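# Structure assessment
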Amino acid sequence: MKTANKTVSAERLVKDALEKAKFFADYHIFTYLNEEGALKKAREIDAKIKKGEKVGRLAGVPYVLKDNFLSPEGETTASAHILQGFNSPVTATAVKKLEDEGAIMIGRTNMDAFAHGSSTENSYFGPTSNACDKERVAGGSSGGSAVAVALDIVEFATGTDTGGSIRQPASFNGVYGFKPTFGTISRYGVVAMASSTDCIGFFTKTPEDMDLLMSIASGQDPKDLTTLPDYYNNAGEPAQVPLGHAVAPARRHGGRAASTSVVTCGDPQVNLRSARIGIIKDFDNESVDPEIRQALKKKCDELKKNGHEIVELSMPNLKYALAAYYIIVPAEIASNLSRYDGVRYGFRSENSKDLEALYANTRDEGFMPENKRRIMIGNFVLSSGFYDAYFLKAAKARTLIIEEYKKAFSKCDFILTPVSPNLAFKLGEKVNDPVSMYLEDVMSVPLNLAGIPGLTIPVGKSKEGLAIGLQLIGPRRSDKSLIEFAKELA
Ligand code: GLN
């Protein structure tokens, strides 16, 4: 990471990043550019450097913030109309930790509204273009963040991953994207999508930068009680850790909580020079783009040559993950989005005849169609007549998936899979077909249901010049070894 010092000023770094951001304006990466605020901070850091005062590990490093991270700099809108005009009084813990080390936010990035989507086309501001081909989608929901790093506007960006929103756009644009173990980075101050699967993570150009950012941003936070001890600390943790699911249904069903289960801890002693890498046989089929399959095969051959062992896994229960995800996640979305009523945050529909109409009109005008679809699905699967058939069934499937990973990690140290079945698709291709959009997530959502970490590794380009990424998956709390292993692969 290029930090400011006596010869390269923070002001120079920030000015360069802002210039590049403007140069790439037609990609629609930003919802807000923080010119004044960023330059002011840069000058403060330069003054400290001049005086010989201590500066942080990210001194003067420009970065971009996905638009669902709360901070007083710029409106936090989650790229949704209903949050237009919302100036946050608080700062997300992750943002605070980065800024305490001297990082400087130069802009907020475009995303699918409330992070619902896989292409950044569900944004109120319109779509972001792919870094390799302007006619294609950036991936999503953290599309703007991924493209900002891929086009080298900044060296890192924040993202959130509830079902693939960091890993898939990282793969579509050719950068690293990491979704840590659930609870590794505090979710305090990040607009909630689905509280039992939301994870904070980053986009970078190298695994070394990812390592640095994880060491800064991770750790327990009294403001988020699901946070874990820091990212290095897996050696000291008990071997089995319950996945705590604090979810909406408990409220509606007399305290009946979702199932809790466990995934075995990552083995901190894993030998990174001769690791056992699992390949999921069930994923090697016609529905996966042949160039992605080829890239996976090539990587496996390379791994074998370098002294690693390839282990074939059969994980039939993963086929339930997508269906379970699209029941559990909308259920939590319906609950989390119930707070947007036109009274407390951002946009309010005017001219409503009474309070009831004000709520209804604000929500009708303020949410995107995909947000509304999920609110309706969520309320349906939680309604008393359908809870057992849908939500409870999905919670049981989730436990099966957790157990399936546990079994797999008794046979291997890491698993390598595609991130998604397709390369970046054309803008507009899937936007009117929600089910085909949901199918994009078939390989990314199982990790979120199990709470385990996954890292997108860029592995090259397709014949058409599109980025190809693979996903390296580890057991719960193996985050540090996973990133160390990625360094070996780079
Ligand atoms: N594409 C997935 C969805 O639409 C994941 C989104 C996310 O991770 N925020 O739900």
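What counts and how
Residues numbered from 1 in each chain as written. Predicted model: local features only at pLDDT ≥ 70, side-chain atom pairs only at ≥ 80, totals over all residues. Heavy atoms only, no water. Near = heavy atom within 4 Å. Polar contact = N/O pair within 3.5 Å; in protein donor to acceptor, adjacent residues only side chain to side chain. Nonpolar A, V, L, I, M, F, W, Y, C, P; charged D, E, K, R; others polar. Pairing = 2+ DSSP bridges. Helix = DSSP H or I, 4+ residues; strand = E, 2+ residues; numbered from the N terminus. Axes fitted to C-alpha atoms, helices over the stretch in contact; angles between N-to-C directions. Contact = heavy atoms within 4.5 Å. Expected span 1.5 Å × (residues − 1). Buried < 20%, exposed > 50% of the residue type's maximum accessible area, 1.4 Å probe, protein only. Arc of directions from axis to C-beta.

Time to look at the site of the ligand. As a matter of local geometry, the ligand sits amid 15 residues, with Thr-162, Gly-163, Ser-165, Tyr-325 and Arg-374 nearest to it. Take Ala-115: an N or O atom from its main chain is 3.0 Å from a nitrogen atom of the ligand. Partitioning the shell around the ligand into residue classes produces four nonpolar, eight polar and three charged.

What follows deals with the sheet that holds strand 6 (residues 199-204). What holds strands together in a sheet is hydrogen bonding between their backbones, with the strands either parallel or antiparallel. Read from one edge of the open sheet, 11 strands run 1-3-2-4-6-5-12-13-11-9-10, paired in mixed fashion. In this open sheet, the two strands that pair with only one neighbour each are strand 1 (30-33) and strand 10 (309-313). In this sheet, adjacent strand axes meet at a mean angle of 30 degrees when their direction is disregarded. Of the pairings in the sheet, the one linking strand 12 (residues 454-461) to strand 13 (residues 467-473) comprises seven bridges and is antiparallel in character. If you follow Pro-458 over to strand 13, its bridge partner there is Gly-469. Across the face of the sheet, helix 3 (residues 93-100) comes into contact with strand 2 (62-66), strand 3 (104-109), strand 4 (156-161) and strand 6 while running at roughly 175 degrees to strand 2.

This part is about helix 2 (residues 35-51). Taking 1.5 Å per residue, 17 residues should reach 24 Å; helix 2 reaches 25 Å between its end C-alpha atoms and fits that length. Of all the positions in helix 2, only Ala-38, Leu-39, Ala-42, Ile-45, Asp-46 and Ile-49 are classed as buried. Buried residues in helix 2, looked at end-on, bunch into an arc of 125 degrees, giving them a common side. Exposed residues lying more than 90 degrees from the buried face of helix 2 are Glu-36, Lys-40 and Lys-51. Where helix 2 is buried, its residues touch helix 1 (10-23) and strand 3. Immediately downstream of helix 2, the backbone of Gly-52 shows phi near 80 degrees, a positive value.

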